[in-house]
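# Observations on chain architecture
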Amino acid sequence: ASYGFRAARRLGGIGVSEILAIGARAQAMGGDVIVLAAGEPDLPTPAHIREAAAAAVEAGATRYAPLTGTAALKAAIIAKHARDNRLDLTPANIIVGSGAKQVIHNALMATLDEGDEVIVPAPFWTSYLDQVALAGGRVVSPRMRAEDGFRLTPEALAAAITPKTRWLILNAPSNPCGAVYSASDLKALAAVLCDHPQVWVLSDDIYEHIIYDGRRFATMAEAAPDLADRVLTVNGVSKAYAMTGWRIGWGAGPAPLIQAMAAVQSQSTSGAATPSQAAAAAALDGPQEVLADHLAVFDRRRRLVTAGLDAIDGISCPAPDGAFYAFADIGGLIGRTTRSGTRLGDDRAVARWLLDEARIALVPGAAFGSPGHLRLSFAAADEVLRQAIERIGAAVADLP
Ligand code: PLP
């Protein structure tokens, strides 16, 4: 008998994320393909952070760390949230994981029963969908509208809640569309949740420091303190400090939730890598000017890319309020036919055509629950971005 491979039913239709798959396809094409698919700063991790990690390793930070994080990193996280978000936390409120992504996984695994619902407004970061599915939950996805700045409205939230709702996932500044909520926007959502004590809020703040035009960042636990005993604030060092490869993120929330998440973590990773925790503590405790330096770079690229895309016939691209993605409306390209006779029936077809013809890898909006768009990550060198815009412009101009 042959015992072929069979994936667990739990895995359902979940594969490797579409974003990673597009990146891999582009790499395989080789040559001069410009890949603006993944959300990863091209900047190096600042020197003082690298040096702190090297010194920690030399000093013996090479063993298992405590399950929910080292004392030094937890202290740095508590100080960060007091400084930036006016949150009053203790070590029992914190769990450090291998990236914000793993922290979210822990939270969903620790709380969802089969059939429980999670509200994930669209456009959303693709991983939320698969993470909820892996944990046995069901996604309910109200569509946010461009007219509302791609923000969830209190009415849409109220309509999405059922007795089975366990979580609302909020992500601002948003990947993919850069939407930002003011404190009063959040208060209005919190007012709806007051009547539904079964609903907790997972606030994914990973892009907190990448926010433009002097806008002030707001997060739910700060804007609605009455709700704080059912809010999990998720954050990390990946995007703000250019530390994606170190794999450090954390969750801050009520101690019973943190304990349940720790139970999941204790049987998966046993906790985040010790040297990386030293690096993250150095990032949070060290000079914060690096945040402004990185922001200035992203802001310059934001203007370059959105102005360039918006000037192309058939593409409309407002400048995002935060994060480092241009989320372009390509409604004007859909339905056109290429010189080789391919009909650009939807955003996936447009992305495919741009990859084949213009040698640019972008992610179709459908991957984020928002067809009719393309997402371009501008966390890449200015010169690369200029070339990308030029190629897209030339390809579109060449459409018959
Ligand atoms: N949340 C959002 C919205 C993201 O875009 C990303 C990364 O792409 C993450 C979380 C994951 O960050 P980390 O590197 O901390 O796992």
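Residues numbered from 1 in each chain as written. Predicted model: local features only at pLDDT ≥ 70, side-chain atom pairs only at ≥ 80, totals over all residues.

In the annotation of an unreviewed UniProt entry, the entry for the protein chain reads Aminotransferase, and the organism field reads Tistrella mobilis. As stated in UniProt under Catalytic activity (unreviewed entry), the record for the protein chain gives "L-aspartate + 2-oxoglutarate = oxaloacetate + L-glutamate". Among the UniProt annotations of the protein chain, the heading Subunit (unreviewed entry) holds the following wording: "Homodimer." (UniProt positions renumbered as here; feature names shortened; annotations may be inferred.)

Turning our attention to the packing of helix α3 (residues 71-85) against helix α10 (residues 274-285). The interhelical angle for the contact between α3 and α10, taken along N-to-C directions, is 30 degrees, at an axis separation of 9 Å. Put simply, α3 runs roughly parallel to α10. Here the hand of the crossing between α3 and α10 comes out left-handed. Across the interface between the two elements, Ala72, Leu73, Ala76, Ile77 and Lys80 from α3 touch Gln277, Ala280, Ala281, Leu284 and Asp285 from α10. For the contact of α3 with α10, the class distribution of residues is 7 nonpolar, 1 polar and 2 charged. (Axes fitted to C-alpha atoms, helices over the stretch in contact; angles between N-to-C directions. Helix = DSSP H or I, 4+ residues; strand = E, 2+ residues; numbered from the N terminus. Parallel < 35°, antiparallel > 145°, perpendicular 65-115°, else oblique. Left-handed = near helix turned anticlockwise from the far one by under 90°. Contact = placed C-beta atoms within 7 Å. Nonpolar A, V, L, I, M, F, W, Y, C, P; charged D, E, K, R; others polar.)

Around the ligand sit 13 residues in total, of which Gly99, Ala100, Lys101, Gly236 and Ser238 are the nearest. Across the shell around the ligand, the residue classes break down as 3 nonpolar, 8 polar and 2 charged. (Near = placed C-beta within 6 Å.)

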